[in-house]
Amino acid sequence: MRSEITSQVEALWDKRATAKYLGVSVKTLDRWLAERRGPRGRKVGVQVRYHPTDVQAFLESCATVGGGAAT
């Protein structure tokens, strides 16, 4: 049981990894968290962690730029 919980926590990304994946600074990620924007964070002790599927869902929810069909 303990190893199952450990593997679930290890699957979560820290702020640095999440910010790097999104191409933003950790400071931006912190601001989004305070404003309840951005990907959903999970509190693990005093740390905030992000599940990769939550980060991907956030990206998919963002508006696309352009998006028009090529003519």
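Parameters at a glance
- Residues numbered from 1 in each chain as written.
- Predicted model: local features only at pLDDT ≥ 70, side-chain atom pairs only at ≥ 80, totals over all residues.
- Heavy atoms only, no water.
- Helix = DSSP H or I, 4+ residues; strand = E, 2+ residues; numbered from the N terminus.
- Buried < 20%, exposed > 50% of the residue type's maximum accessible area, 1.4 Å probe, protein only.
- Contact = heavy atoms within 4.5 Å.
- Areas by Shrake-Rupley, 256 points an atom, 1.4 Å probe, with all protein chains shown as cover.
- Phe/Tyr/Trp six-rings, centres within 6.5 Å; stacked < 30°, edge-to-face > 60°.
- pLDDT = per-residue confidence, 0-100.
- Core = buried A, V, L, I, M, F, W, Y, C linked by side-chain atoms within 4.5 Å.
- Axes fitted to C-alpha atoms, helices over the stretch in contact; angles between N-to-C directions.
- Parallel < 35°, antiparallel > 145°, perpendicular 65-115°, else oblique.
- Left-handed = near helix turned anticlockwise from the far one by under 90°.
- Nonpolar A, V, L, I, M, F, W, Y, C, P; charged D, E, K, R; others polar.

Asker: Please clarify how the overall build of the protein should be interpreted in this entry.
Answerer: In terms of helices and strands, the protein carries 4 helices and 2 strands. Secondary structure of the protein in N-to-C order comes out as α-α-α-β-β-α. Counting all 71 residues of the protein, 18% fall into the buried class. Partitioning the contacts of the protein with sequence separation of at least 6, the portion at a separation of at least 24 is 43%. Carbon and sulfur atoms make up 53% of the accessible area of the protein, which totals about 5,600 Å².

Asker: For this particular structure, what's the right way to read the packing of aromatic side chains?
Answerer: Each aromatic ring pair is described using two quantities: the centre-to-centre distance and the angle formed by the ring planes. Evaluation of the coordinates by the stated rule reveals 2 aromatic pairs. Both rings, one in Trp13 and one in Tyr21, keep their centres 4.9 Å apart while their planes meet at 55 degrees; by these two values the pair is tilted. The exposure class of Tyr21 is partly exposed, given its relative accessible area of 43%. Summarising the aromatic geometry, the rings of Trp32 and Phe58 are spaced 5.4 Å apart at their centres and angled 55 degrees between planes, so their arrangement reads as tilted. Here Phe58 lies in helix α4 (residues 52-61) and Trp32 lies in helix α3 (residues 26-34), a separation of 26 residues in the sequence. Given the relative accessible area of 11%, Trp32 is considered buried. Assessed through its relative accessible area of 16%, Phe58 is described here as buried.

Asker: Is there a simple way to think about the confidence of the model for the protein in this case?
Answerer: In low-pLDDT regions, the fine details of the predicted coordinates are not to be read closely. Here the protein averages 86 in pLDDT, while 79% of its residues score no lower than 70. The least confident element of the protein, judged by mean pLDDT, is helix α1 (residues 2-10) at 56; the most confident is helix α2 (residues 15-22) at 97.

Asker: Please clarify how the nonpolar core should be interpreted in this entry.
Answerer: Considering soluble globular proteins, one finds that nonpolar side chains tend to be buried as a cluster. By size, the foremost hydrophobic cluster in this structure holds 8 residues: Ala19, Leu22, Leu29, Trp32, Val48, Tyr50, Val55 and Phe58. Of all the secondary-structure elements, those providing two or more residues to this core are α2, α3, β2 (47-50) and α4. Setting aside residues up to four positions removed in sequence, Phe58 forms contacts with Leu22, Trp32, Gly38 and Pro39.

Asker: Would you take a moment to explain the packing of α2 against α4 for this structure?
Answerer: When two helices pack together, you describe them by how their axes are tilted relative to each other and by the distance separating the axes. Contact pair α2 / α4: the axes reach a minimum separation of 11 Å and the direction vectors enclose 30 degrees. Here α4 runs roughly parallel to α2, going by the angle between their axes. The two elements α2 and α4 cross, and the hand of that crossing is right-handed. Residues Thr18, Tyr21 and Leu22 of α2 lie in contact with α4, whose contacting residues are Val55, Gln56, Phe58 and Leu59. Looking at the contact of α2 with α4, its residues break down into 5 nonpolar, 2 polar and no charged.

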